[in-house]
Amino acid sequence: NAFVASLALAGLLGLSTGVASAAGEEVQGIKVNKESSNPGDGNSVLMKGNPLPLRGQAIMVGEPLPMAMVTAGNLASVNIAEGNGKVRIISVVPSVDTPVCEAQTHLLSEKDRKLADQVEMVTVSMDLPFAQQRFAKEAKIKNVTFYSDYKTGEFGMNNGLLIEPLHLLARAVFVTEKNNVVGYI
């Protein structure tokens, strides 16, 4: 079914359960994080070997995706918790303009193009919607919906992914089922 396919794709992205933290092996010449940490207050991610604290309520498998207003490409506010009845793969990146985050977004888009017929693929970052649109156009990505958390960081706070000192999101991938319940982190 679509959930199993999306779970497989999330696994193919090279991310294990949790939030990516420490630099690991190289994939296509880019250092990729293979270790994980937990989202939420009291946890941290590593940047260049230095721990940075995460803020917010940790997202949990088996719970509904928390409500958070994000900004779409047309600058409209969207509640990301209002799914469209499809399984969703939600790829969270600090910025599409960094090599690892760009690679993660390309993998989401290109790994199995037929998957987009059954699964909604979403990327959330702190980039301005204009930068996300430019990136998608230059990368020829048409099967991923981009949302920005730049205004308030509400998505980051409500999912425990806000790197507070930098006002960026920690890299993560999670899958929501058709009923918007988190099935994979």
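Residues numbered from 1 in each chain as written. Predicted model: local features only at pLDDT ≥ 70, side-chain atom pairs only at ≥ 80, totals over all residues. Heavy atoms only, no water.

1. What to know about the overall build of the protein chain
On a plain count of helices and strands, the protein chain comes out with four helices and 15 strands. The burial tally for the protein chain puts 50% of its 185 residues in the buried class. Restricting the contact set of the protein chain to residue pairs at least 6 apart, pairs at least 24 apart contribute 64%. Working note: accessible area of the protein chain is about 8,700 Å², and carbon and sulfur atoms make up 53% of it. (Helix = DSSP H or I, 4+ residues; strand = E, 2+ residues; numbered from the N terminus. Buried < 20%, exposed > 50% of the residue type's maximum accessible area, 1.4 Å probe, protein only. Contact = heavy atoms within 4.5 Å. Areas by Shrake-Rupley, 256 points an atom, 1.4 Å probe, with all protein chains shown as cover.)

2. Here we look at helix α3 (residues 129–139)
Taken as a whole, α3 has its buried residues at P129, A131, Q132, F135, A136 and A139. Seen from one end, α3 has its buried residues packed into an arc of 160°, which puts them on one side. Along α3, exposed side chains directed more than 90 degrees from the buried face belong to F130, K137 and E138. Contacts made by the buried residues of α3 are with β7 (69–71), α2 (99–110), β10 (119–125) and β11 (144–148). Just beyond α3, the residue with positive phi is K140, at close to 60°. (Arc of directions from axis to C-beta.)

3. Topic: unusual backbone geometry
If you check the backbone angles, L75 has positive phi at about 70° while not being a glycine. Mapped onto the elements, L75 comes out in the loop between β7 and β8 (77–79). Its relative accessible area of 40% is what places L75 among the partly exposed residues.

4. Some points on the packing of aromatic side chains
Scanning all chains against the criterion turns up two aromatic pairs. Between F135 and F146 the ring centres are 6.2 Å apart and the planes differ by 75°, which places this aromatic pair in the edge-to-face class. A residue pair is termed long-range when its members are at least 10 positions apart, and F135 in helix α3 and F146 in strand β11 qualify at 11 residues. Centre to centre, the rings of F155 and F174 are 6.2 Å apart; their planes meet at 15°, and the pair counts as stacked. Here F155 is found in helix α4 (residues 154–159), whereas its partner F174 is found in strand β14 (residues 172–176), with 19 residues between them in sequence. With respect to class, F155 is no different from F174; both count as buried. (Phe/Tyr/Trp six-rings, centres within 6.5 Å; stacked < 30°, edge-to-face > 60°.)

5. Points about α2
Across its 12 residues, α2 extends 16 Å between first and last C-alpha, which sits within 8% of the 16 Å expected from 1.5 Å per residue. If you check which residues of α2 are buried, you get C101, Q104, T105, H106, L108 and S109. (Expected span 1.5 Å × (residues − 1).)

6. Quick word on the sheet that holds strand β12 (residues 162–163)
Ordered in space as β5-β6-β12-β13, the four strands form an open sheet in which the pairing is antiparallel. Looking along the sheet, the strands with just one partner apiece sit at the ends: β5 (44–47) and β13 (168–169). Relative to β12, strand β6 (residues 50–55) is paired through two bridges, and the arrangement is antiparallel. Its bridge partner lying in β12, L54 is registered against I163. (Pairing = 2+ DSSP bridges.)

7. Let's talk about the nonpolar core
The biggest cluster of nonpolar side chains holds 25 residues, and the ones touching the most others in it are I80, I90, V92, V124, F155 and F174. Apart from residues no more than four positions distant in its own chain, F174 is found in contact with I59, L65, R88, I89, I90, V92, F155, L161, Y184 and I185. Counting 18 residues, the second largest nonpolar core, distinct from the first, contains I89, V93, V119 and I141. (Core = buried A, V, L, I, M, F, W, Y, C linked by side-chain atoms within 4.5 Å.)

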